Amino acid sequence: MGERGGMGFGAVAKFGALFFAVLLAVLSVSGLSLLSRTRAYLEEDLDKRLRTLSEIIPAEIESRYPESITDPYYLYAIIVRESLAGLTVLDKDGSVVSDATELYKSGEKYEPLGITAGEYTDVVRGATRSSPIIKRKGKTVRSVFFPVRAEGGSVALVGVLTLDAGYIDDLTQQGTTNFILKSVAFVFLIIILLYVIRSLVMSQRGLVNAVRGEGLDEVVGRSPGDNVSFMVGAFHTMVEKLKEKEKELQELKEQAEQRAKSIESYNEDILKSISSGVMTFGLDGAVRTANQAAYDILGRPSGSAVGKNAGDVFGADGWVTGLIKKTLDNAVPEKRGEGEVRTADGRSRWLGAGASPLFGVDGTMQGAILVFTDITEVKELRERMELKERMTVLGDMSAGIAHELRNPLGVISGYAELLARRLGDDAQGKDAVKSIQDEVRVMDEIIREFMSFSQPTELNITEVDVRSLVEEAMKAVSGAGEGVVRRLSLPDSQLLVEGDWVLLRQAFVNMMKNAIDAMPEGGSLSVTVGSADPETAEVGLPGTHYIRIDITDTGSGIAEKDLKKIFTPFFTTKPKGTGLGLALVQKILVYHGGRAIVKSAPGKGSTFSVYLPAKTL
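Residues numbered from 1 in each chain as written. Predicted model: local features only at pLDDT ≥ 70, side-chain atom pairs only at ≥ 80, totals over all residues. Heavy atoms only, no water.

### A short note on a nonpolar patch on the surface
The following threshold applies: Two distance rules govern patches: like charges are joined within 9 Å, and nonpolar side chains (Val, Leu, Ile, Met, Phe, Trp, Tyr) within 5 Å, applied only to residues with over 30% relative accessible area and no salt bridge. Exposure was quantified through the Shrake-Rupley algorithm and a 1.4 Å probe, taking into account, for residues, occlusion by the shown protein chains and nothing else. Salt bridge, as applied in this entry: a Lys or Arg side-chain nitrogen positioned within 4 Å of an Asp or Glu carboxyl oxygen. Numbered from the N terminus, helices here are DSSP runs of H or I no shorter than four residues, and strands are runs of E no shorter than two.
Together, Met 397, Ile 401, Leu 405 and Met 443 make up a nonpolar patch on the protein surface, roughly 290 Å² of accessible area in all. Top element by residues in the nonpolar patch is helix α10 (residues 376-423). It accounts for 3 residues.

Following this line, the structure appears as structure tokens:
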């Protein structure tokens, strides 16, 4: 019986050792699995960020090509903004053209590539390819290779954006080290347990032999209960250590998830912060994503464009819609274009936009990406500069014409006076001479206007109160226009501009005379002065504070085909007009940094709106 009891205890001990070995294997596999899942999660997060950046950065670089390639500060700004490990531009042979971090010199071979020669050839043909995690210049990184297209759509260069992947290797190495140390500790613990079990079995056999009277002197001093307690305690210690290691791995996974969320949030913050509108479209032409700047430029509520077709956002026949359609149909970038777009809130804005195909990491086309900027202010500034140049050229021409006409006109006037004296009492002859003199005076007035228009505009800058300026201009035309009712609406507070009082008064007098001339049978002339908000102005204004003066008449109005010509020199609809009055007005306003626009319709009168930059107090 005693022997069977000893053998039973030995079997239990062997079963316990086997249980410990199985438990060690299960926990080891569990730890390795958790480590593997954590690494896979981090790699998936890195891959997701690479895809996002490979959509944004190529479009941004191509929108400013070739200046973006030749300006290292521009590339470095992208690195800082996007927290990249590197941004390099290569030629088709794989040699460095420009490197923002200066790790590579121009003309140096970019090694190691991280992708095969065949994959690099695919990039040169227009695809996007990503590398695995590799070591480059002593850093653990992962890169995306993308084509950089010239204006014609052909691939000119290859761009490489690189992200740091060192933290993934650090996690893997740390987890592997912990696993090895843990395994060594487990093996050491199993050895101790086997030794204890062996001692326990030997002790039990010694006790059995002692009962039989055999080998009593070999019984060890430790009791079986002490050995069992030691084994149970060691088992609990091992379990506690395993739980601690599992907790550490769980914390590492949570940190990785938090990092992934932070990176995703960071990318979203970038799209929210940039001033350019960024929209992505699916293969069906529907909007997938849009940043806040896109909604602000288009005057739409946030999120209202998602799911809508490009035609619903930019108009079915809009030029931007055509840009996106061509990109989706041809799978090649459409060079940057400029054009006018009617926003959802009714405003007219000028946009500069470019569209590019949107490729996934595997090289398949996912849709299109549109990057656009509000260039209304730039357009207005460009028009003002062109207008100023045209005015200068026309002024020089007018001066030449006036000079050439004034001399023969003086001769005609002299001969007319001489002829009038010789005619004596010839009434019919004198009437003819008088008609000649009247026409000479008209010609002299035209020449005077030519000279006024051609003179260089040198401003005598003073502080001008717009209220008193408009009042003086209204008084100057008080004697003109029989049956015209005048209304003047002025603010209570001062509205100051810095300008030439005489020239500004001349501009307003010309506009008021023009309004009165449009009402030969009487009507109403209204002048309103107030502040203007550049956000709602009908013209692009570069500043923040403007004064608006509206001059409204109830006259015959202006035909739509003539609206864009009325400020053009020598254009007039009056039988005896010279076409220089409103041209001179626009010239004066342009030199003051202002602008005049007109709204009119035949039979419904006209409104001239003048914008002048307010003086900053």
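There's plenty left to go through after this.
### Quick word on the pairing of strand β8 (residues 287-290)
Rules: Note: two strands are recorded as paired if DSSP finds a minimum of 2 bridges between them.
The pairing of strand β7 (residues 277-282) with β8 spans 3 bridges and is classified as antiparallel. When the sheet's bridge partners are listed, Phe 281 is paired in β8 with Val 287. Between β7 and β8, which pair antiparallel in sequence order, lie 4 residues; one of them, Gly 285, sits at a positive phi of approximately 85°.

### Points about empty space enclosed by the protein
Applied cut-off: A cavity, in this analysis, means grid points on a 1 Å lattice covering only the protein atoms where a 1.4 Å probe fits yet has no way out; a pocket is instead an open set bounded by protein on both sides within 12 Å along at least five of seven lines, and a residue lines either one if it has an atom within 4 Å of a point. Grid points are joined across faces, edges and corners, and a volume is the space filled by probe spheres set on the points. Throughout, the ten residues Ala, Val, Leu, Ile, Met, Phe, Trp, Tyr, Cys and Pro are labelled nonpolar, Asp, Glu, Lys and Arg are labelled charged, and all others, Gly among them, are labelled polar.
Per the stated rule, a full pass over the model turns up 4 cavities of 30 Å³ or more. In terms of lining, the largest cavity is formed by 15 residues, of which the most central are Ser 54, Pro 58, Ser 356, Pro 357 and Phe 359. Only α1 (2-63), β5 (139-149) and β10 (348-359) provide two or more residues apiece to the lining of the largest cavity. Among the elements that make up the lining of the largest cavity, the one with the highest residue count is α1 (5 residues). In terms of residue class, the lining of the largest cavity is built from 9 nonpolar, 3 polar and 3 charged. One number sums up the size of the second largest cavity: a volume of about 130 Å³. Along the walls of the second largest cavity sit 13 residues, with Ala 85, Gly 86, Leu 103, Arg 136 and Thr 162 positioned nearest its centre. Counting residues per element, the ones that place at least two in the lining of the second largest cavity are β1 (86-90) and β5. Looking at the lining of the second largest cavity residue by residue, the class counts come to 5 nonpolar, 4 polar and 4 charged.

### So, the pattern of salt bridges
Under the counting rule described, the total for this entry stands at 10 salt bridges. With a shortest N-O distance of 3.4 Å, Lys 561 and Asp 562 are connected by a salt bridge. Members of the salt-bridge network, linked through shared partners, are Asp 47, Arg 51 and Arg 142.

### Some words on the confidence of the model for the protein chain
Low pLDDT marks stretches whose predicted atomic positions should not be read closely. Let me state the cut-off plainly: One confidence number per residue, pLDDT, is output by the predictor and ranges from 0 to 100. Contact criterion: two residues are considered in contact whenever any of their non-hydrogen atoms come within 4.5 Å of each other.
For the protein chain, the average pLDDT comes to 77, and 72% of its residues sit at 70 or higher. Mean pLDDT across the elements of the protein chain bottoms out in helix α5 (residues 166-212) (61) and peaks in strand β16 (residues 546-553) (92). In the predicted structure, residues 210-222 sits below a pLDDT of 50 and forms 9 contacts with residues beyond four places in sequence or in another chain.

### Observations concerning the nonpolar core
For clarity, the threshold we go by: Here, nonpolar core refers to any group of buried Ala, Val, Leu, Ile, Met, Phe, Trp, Tyr and Cys residues whose side-chain atoms link them within 4.5 Å. Burial status follows relative accessibility: with a 1.4 Å probe on protein chains alone, a residue under 20% of its type maximum counts as buried, one over 50% as exposed, and anything between as partly exposed.
If you look at the biggest cluster of nonpolar residues, it comprises 39 residues, and the most contacted ones within it are Phe 508, Met 512, Leu 525, Ile 549, Ile 551 and Phe 608. Counting only elements with at least two residues in this core, the list comes to α12 (466-476), α13 (501-517), β15 (523-532), β16, α14 (581-591), β17 (595-600) and β18 (606-613). The greatest single-element share of this core, amounting to 9 residues, is contributed by α13. Those residues in contact with Phe 508 that sit more than four places away from it in its chain are Leu 469, Ala 473, Ile 549, Ile 551, Val 610 and Leu 612. In this structure, Leu 42, Ile 78, Leu 87 and Phe 146 belong to the second largest nonpolar core, which totals 26 residues.

### So, the packing of aromatic side chains
Pairs of aromatic rings are described using the distance from one ring centre to the other and the angle between the two planes. Formally: Any pair of Phe, Tyr and Trp rings, taking the six-membered ring for Trp, is counted once the centres come within 6.5 Å. Such a pair is stacked with planes under 30 degrees apart, edge-to-face with planes over 60 apart, and tilted for the rest. For a ring to carry a charge above it, either NZ of a lysine or CZ of an arginine must fall within 6 Å of the ring centroid while also lying within 35 degrees of the normal to the ring plane.
Within this structure, the stated rule accounts for 3 aromatic pairs. With 4.7 Å between their ring centres and 45° between their planes, Tyr 104 and Tyr 110 make a pair best called tilted. For Tyr 110, a relative accessible area of 3% puts it in the buried group. Here the aromatic rings of Phe 314 and Phe 372 are separated by 6.0 Å at their centres, their planes lie at 85°, and the arrangement is edge-to-face. Highlighted residues: Phe 314 in helix α8 (residues 310-314) and Phe 372 in strand β11 (residues 365-374), separated in sequence by 58 residues. Here the two residues Phe 314 and Phe 372 agree in accessibility, since each one is buried. Directly above the aromatic system of Tyr 104 lies the positively charged group of Lys 137, at a separation of 4.7 Å from the ring centroid.

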